[in-house]
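As a plain string of letters, each chain reads:
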Amino acid sequence: MITLDDKRVKSFLKEVDFQKYDTKLKKAHSSLIRRSGKGNEFLGWLDLPDMMLDSGELTEIQKVADRLKRLSEIVVVIGIGGSYLGSRAVIEALGSNFKSLNYSKGNPLVVYAGHQIGEDYMVDLLELLNNKEYSLIIISKSGTTTEPAIAFRILKNHCEQKYGKTEAQQRIVAITDASKGALKSVANKENYSTFVIPDDVGGRFSVLTAVGLLPIAVSDFDVSQLCLGASQMRKTCLEEGENNPAMKYALVRNLLYAQGYKIELMVNYLPSLVYFTEWWKQLYGESEGKENKGLFPAGVSFSTDLHSMGQYVQQGERHLFETMIWVEKAQKKMLVPLDKENLDGLNFLAGKSINEVNEKAFIGTTMAHLDGQVPVIHLRIPEVNEKTLGALIYFYEFACALSAYMIDVNPFDQPGVEDYKENMFAMLNKPGFETLRSELIKRL
Ligand code: PA5
């Protein structure tokens, strides 16, 4: 389902000790599947696809999704980081590019809140919701993250004022920890439908729990196919060896890192995959970037960004490599038409599909960037559907854990994320942060 082609990278790896990295890779794989590595209390995601397929939770998710669909033109997913990026990545990859112009009760539009602190955004959202039938899915594992908590307070009030408390309870679903956190207390008190994020699954590895699956099911995509694709990839990833694409990917990106390439650019060639890249950036950035180590994950969307970032990639500082995702088959079909007058000189393309033209852009760009001394990895998938996306999600998660173990960091914590939060709380006069506040004010 996924083909990883790294043959164009070998010539860039002149000074690397392959044997050493091969040993690191095998050790990382063994630590992961024996569950003996750093952060091994957060390995629940390893079994999620099969667990979801075997438990009754998918049916429960579908039932709640059907209720929200029936009630809503718009479903607001409130969450930040791992609590919203996975569902957004899948929904945007599978949906119509113009869904925001064509939605209705039964076929609702999913929009997002609590993933930033923009005041205008919140005002615009409430203006939209004044005239629409809507529901809310609030997602926070800790149940205490400030951005979604503020958005939820505002949206919960709005929902209760619009529909009354009892109907609002039908329209609000909470996804959070089994027992801890402010969100859990609110959900219990208000009797909301609730899904649990397992203790051993961290936010950015949670897309195959209700965190990702409920919003995806609300958007009418097949969550069992998504889990099935992930489950098939799981079998491949658990086996050590040449045929394991996650091992191949973890190895090659670490070899390039050792050779001095510090930035990995994920390249997609479809606008619908932009949020898949965003999900990947969070997964790798938050998992690997610690102890002054880790590749910097960045993303571009071609051919759009060939007209902005393309110049830098071709001729800027040589510290980056690219991983290009190529999708063999488009979901829909359109050919370039023949024009008798040919005033635009485009008849040489007549009869070709748009995807064929895109493919030549992909090949042409690969060759140009290789000539510009940018190592290029190809990752091909046959098409974008629930099954391939499920496989891709599991592949990236598994490779991420392997990669992090290869540089000897814990993939499952995020100690650095706390620093900005503490400063923000101090600046907002949160009780308990008085000393930090005076220190910060002196430094301002
Ligand atoms: O991957 C992670 O753990 C983070 O990105 C979290 O998902 C993010 O910070 C949101 O946390 P929470 O779900 O606790 O609100």
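Thresholds, definitions, all that
Residues numbered from 1 in each chain as written. Predicted model: local features only at pLDDT ≥ 70, side-chain atom pairs only at ≥ 80, totals over all residues. Heavy atoms only, no water. Buried < 20%, exposed > 50% of the residue type's maximum accessible area, 1.4 Å probe, protein only. Helix = DSSP H or I, 4+ residues; strand = E, 2+ residues; numbered from the N terminus. Pairing = 2+ DSSP bridges. Domains from an automatic or database assignment. Contact = heavy atoms within 4.5 Å. Buried area = accessible area lost by both parts, 1.4 Å probe. Salt bridge = Lys/Arg side-chain N within 4 Å of Asp/Glu carboxyl O. Polar contact = N/O pair within 3.5 Å; in protein donor to acceptor, adjacent residues only side chain to side chain.

Student: Any chance you could explain the pairing of strand β9 (residues 320-329) here in plain terms?
Tutor: Working note: regular strand, side chains alternate between the two faces of the sheet. For β9, the tally of buried residues reaches eight of ten residues, placing the bulk of the element in the interior. The pairing of strand β7 (residues 263-268) with β9 spans six bridges and is classified as parallel. Along β9, the bridge assignment pairs Leu 265 with Glu 322. Where β9 lies against strand β10 (residues 376-383), seven bridges are found, and the strand directions are parallel. Counterpart to Thr 323 in the pairing with β10 is Ile 377.

Student: Whenever I open this one, the domain arrangement of the protein chain confuses me. Can you help?
Tutor: One widely used convention gives an interface's size as the accessible area the parts lose upon coming together. If you check the domain split of the protein chain, you get domain 1 (3-36 + 226-406) and domain 2 (44-221). The straight-line distance from the C-alpha centre of domain 1 to that of domain 2 is 29 Å. On the domain 2 side, the residues contacting the 32 residues of domain 1 number 28 residues. Interface area for domain 1 against domain 2, summed over the two sides, is near 2700 Å², with a carbon-plus-sulfur share of 66%. Here Arg 234 and Asp 47 are joined by a salt bridge, their closest N and O atoms 2.8 Å apart. Along the contact surface separating domain 1 from domain 2 lie ten residue pairs in polar contact (both at pLDDT 80 or more). Breaking the side of domain 1 that touches domain 2 down by element, the ones donating at least two residues are α10 (223-238), α12 (274-288) and α15 (386-406).

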